[in-house]
Amino acid sequence: MRKYVYSFLFVLCALFTVRAETMVVATFNMRYANKEDSTNGNGWGQRYPYIAQLIQFHGFDIFGTQECLYHQLQDLKRSMPGYDYIGVGREDGKQAGEHAAIFYRTDKFEVLESGNFWLSEITDRPNKGWDAVLPRICTWGEFRDKETGFTFLFFNLHMDHVGVQARAESAKLILKKIKEFPKKLPAILTGDFNVDQNNESYKLLDSSGVMRDAYAIADFRYAPTGTFSSFHPDMKTESRIDHIFLTKEFEVKKYGVLTDTYRSEVTGSELKERSGNFPKEVSLSKYAACVPSDHFPVVAIVEVK
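A few points on the structure. Bear in mind the structure is a predicted one, so any value in this text is a computation, not a measurement. (Residues numbered from 1 in each chain as written. Predicted model: local features only at pLDDT ≥ 70, side-chain atom pairs only at ≥ 80, totals over all residues. Heavy atoms only, no water.)

**Examining the overall build of the protein chain**
Looking only at helices and strands, one finds seven helices and 17 strands in the protein chain. A globule of 305 residues ought to have a C-alpha radius of gyration of about 19 Å, and the protein chain, at 21 Å, matches this closely. Principal axes of the C-alpha set define a box for the protein chain whose edges measure 75 × 60 × 35 Å. Every one of the 305 residues in the protein chain was classed for burial, and the buried ones make up 47%. Taking the intrachain contacts of the protein chain between residues at least 6 apart in sequence as the baseline, contacts between residues at least 24 apart amount to 74%. Total accessible area on the protein chain is roughly 15400 Å²; 52% of this is exposed by carbon and sulfur atoms. (Helix = DSSP H or I, 4+ residues; strand = E, 2+ residues; numbered from the N terminus. Rg over C-alpha atoms; globule rule 2.2 N^0.38 Å. Buried < 20%, exposed > 50% of the residue type's maximum accessible area, 1.4 Å probe, protein only. Contact = heavy atoms within 4.5 Å. Areas by Shrake-Rupley, 256 points an atom, 1.4 Å probe, with all protein chains shown as cover.)

Rendered as structure tokens:
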């Protein structure tokens, strides 16, 4: 009899192991491509290969992006085999203007349904809402894990950087959309909210009873600085304006603000350093530390309860 009990427990444990759902979720404002950044040494052509490598190295399963133009999304897609995205441009609902695209691993997830709405009083077409200075869009998708069958909703947005009322009303709107969604599924919300953890718009979301900030509920946090750098790797802030919110079905094992840098050659510098503190075969050349974007990516390793 005892061996049957042990066998039953083993099978039961195996079932729970197979059904466990773990994923690496992230949000990343990648900065729109423009000539001024190129002039200042932060051009998209220089940055995106490192962005693509960063994403693949850290193993992002699904993540929201902000600010990317259509050609930037195509560059990323070509540079990251095995990833695809959903999303449209905020200017025309097609390809024009910045996107709030959601990238996902095609070997892990399938898209069952997707859509977009504008952060405005009029949600079904391009327009500016409240006191916003630009049209703002939210992209959403219903995703299914191909192995476990776990199905969830993923929302990604970029709130206005000027309109105070627009940000507050956008927070209310996204909560309303999640509550009213026909399918009552676990949900993840990512984005550049343009407000930090002390702002009322942030608190409206975090204390809503619908979602919590991944930072607040993480078992382990790695956040050496906030999430905006303005392309200066040597700056520090306590403000987190890029967030990951999750419904109660999710647990957050780890949360991180990834401050990865890359090196860019300093023009005209021949400085090389040698020292007795390391082997003579080693030489150091003068390069500038650069960040892949003016925002740091935020990542959370989450599990379904």
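**Regarding the nonpolar core**
Within the largest apolar cluster, 26 residues are counted, with the highest numbers of intra-cluster contacts made by M23, I62, F143, F152 and I188. At the level of secondary structure, the elements contributing two or more residues to this core comprise β1 (22-29), β4 (102-105), β7 (151-158), β11 (242-246), β12 (250-257) and β17 (298-304). Per-element accounting of this core gives the leading share, four residues, to β12. (Core = buried A, V, L, I, M, F, W, Y, C linked by side-chain atoms within 4.5 Å.)

**Description of the pattern of salt bridges**
Considering all chains together, one arrives at 22 salt bridges under this definition. With a closest N to O distance of 2.9 Å, R144 and E110 form a salt bridge. With R144 in strand β6 (residues 137-145) and E110 in strand β5 (residues 109-118), this pair connects stretches of sequence that are 34 residues apart. Residue classification places R144 among the partly exposed positions, given a relative accessible area of 28%. Of the residues examined, E110 reaches a relative accessible area of 29% and is grouped as partly exposed. One salt bridge in this structure joins D124 and R125, with 3.3 Å as the shortest N-O distance. (Salt bridge = Lys/Arg side-chain N within 4 Å of Asp/Glu carboxyl O.)

**Digging into the sheet that holds strand β3 (residues 83-86)**
If you trace the seven strands from one edge of the open sheet to the other, you get β3-β4-β2-β1-β17-β12-β10, paired in mixed fashion. Edge positions in the open sheet fall to β3 and β10 (218-222), since each of these has one partner strand only. On average, adjacent strands in this sheet sit at an angle of 20 degrees to one another, irrespective of strand direction. The pairing of β1 with strand β2 (residues 62-66) spans five bridges and is classified as parallel. What sits directly across from N29, in β2, is Q66. (Pairing = 2+ DSSP bridges. Axes fitted to C-alpha atoms, helices over the stretch in contact; angles between N-to-C directions.)

**Notes on the packing of helix α3 (residues 44-58) against helix α4 (residues 70-79)**
Where α3 contacts α4, the axes come no closer than 10 Å and their chain directions differ by 45 degrees. On the basis of their axis angle, the class for α3 and α4 is oblique. Considering how the two elements wind past one another, α3 and α4 form a crossing that is right-handed. Here α3 contributes W44, Y48, I51, A52 and Q56 to the contact with α4, which in turn contributes H71, Q72, D75, L76 and S79. (Parallel < 35°, antiparallel > 145°, perpendicular 65-115°, else oblique. Left-handed = near helix turned anticlockwise from the far one by under 90°.)

**Some points on the sheet that holds β11**
Reading across the sheet, the six strands line up as β5-β6-β7-β8-β11-β9 and stay open at both edges, with mixed pairing between neighbours. The sheet terminates laterally at β5 and β9 (212-213), the two strands that pair on one side only. Along the sheet, helix α5 (residues 164-180) contacts β5, β6, β7 and β8 (187-192); its crossing angle with β5, the most-contacted strand, is approximately 135 degrees.

**Points about unusual backbone geometry**
Across the chain, the bulk of peptide bonds are trans and the bulk of non-glycine residues have phi less than zero. Unlike most non-glycine residues, E67 shows phi in positive territory, near 80 degrees. Examined against the element boundaries, E67 turns out to sit in the loop between β2 and α4.

**Details of a nonpolar patch on the surface**
There is a patch of nonpolar side chains on the surface, built from V133, L134 and V162 and spanning about 200 Å² of accessible area. Mapped onto the fold, V133 is located in the loop between β5 and β6. (Patch = residues over 30% accessible without salt bridge, like charges linked within 9 Å, V, L, I, M, F, W, Y side chains within 5 Å.)

**Brief notes about α3**
With 15 residues, α3 should cover 21 Å at 1.5 Å per step; its first-to-last C-alpha distance of 21 Å lies within 8% of that length. Residues of α3 that are buried include every one of W44, R47, Y48, I51, A52, L54 and I55, and no others. For α3, the angular spread of the buried residues around the axis is 165 degrees, confining them to a single face. Summarising the geometry of α3, the exposed residues directed more than 90 degrees from the buried face are G45 and F57. In this structure, the buried residues of α3 make contact with β1, β2, α4, β3 and β13 (262-265). After α3 finishes, the residue G59 shows a positive phi value of roughly 70 degrees. (Expected span 1.5 Å × (residues − 1). Arc of directions from axis to C-beta.)

Limitation: the analysis is restricted to geometry and does not speak to function.
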